[in-house]
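Tertiary structure, described
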Amino acid sequence: MDESKRDVSSLVEHIVSSLVDQADQVEIRSTSSDGGLLIEIMVADEDISKIIGSNGRVIKAIRTLARSAAFIDGIDRVDVEIDS
């Protein structure tokens, strides 16, 4: 994986780790394909609601930040998903 894609994944990991109570259980998996990037977030079951937020606002903000960082690095598409 190229360094700019690692940077976006690291950004998401840092944000998520800052939001949850059990930061040691945060796992970020990145898969790249055809100029795009899929970032999967895995957290403890009791922390999922902190990542989703009220009406999905937190995960939407995480997606927006990831897409902005990716755009700056020349990555065409980024999808951020929560894997439970």
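Please refer to the structure placed before this passage.
The following refers to the structure shown. The residue count restarts for each chain, going from 1 along the sequence in the order it is written. With the structure being a predicted model, the display of local features is reserved for residues of pLDDT at least 70 and the display and counting of side-chain atom pairs for 80 or more, all residues being used for whole-chain, interface and lining totals. Side-chain descriptors were evaluated using all non-hydrogen atoms of the structure, hydrogens and water having been removed beforehand.

Focus: the pairing of strand S1 (residues 27-33)
Note on pairing: two strands pair once DSSP finds at least 2 bridges between them. Strands are runs of DSSP state E lasting at least 2 residues, helices are runs of H or I lasting at least 4, and numbering of each runs from the N terminus. The pairing of S1 with strand S2 (residues 36-42) spans seven bridges and is antiparallel. Within S2, the position partnered with Ser 33 by the bridge is Gly 36. Linking two consecutive strands that pair antiparallel, namely S1 and S2, is a turn of two residues; a positive phi of about 45° is found at Asp 34 within it.

Quick notes on the sheet that holds S2
Read from one edge to the other, the open sheet built from three strands follows the order S1-S2-S3, with strand pairing classed as mixed. Looking at the sheet topology across the chains shown, the edges are occupied by S1 and strand S3 (77-82). Averaged over all pairs of adjacent strands, the angle between their axes in this sheet comes to 15°, without regard to strand direction. In the sheet, S2 pairs with S3 via six bridges, with the strands oriented parallel. Residue Leu 38 lies in a different strand from S3, and its bridge partner there is Asp 79. To get an axis, a line is fitted to the C-alpha atoms, and for a helix only the part in contact is used. The angle between two axes follows their N-to-C directions and goes from 0 to 180 degrees.

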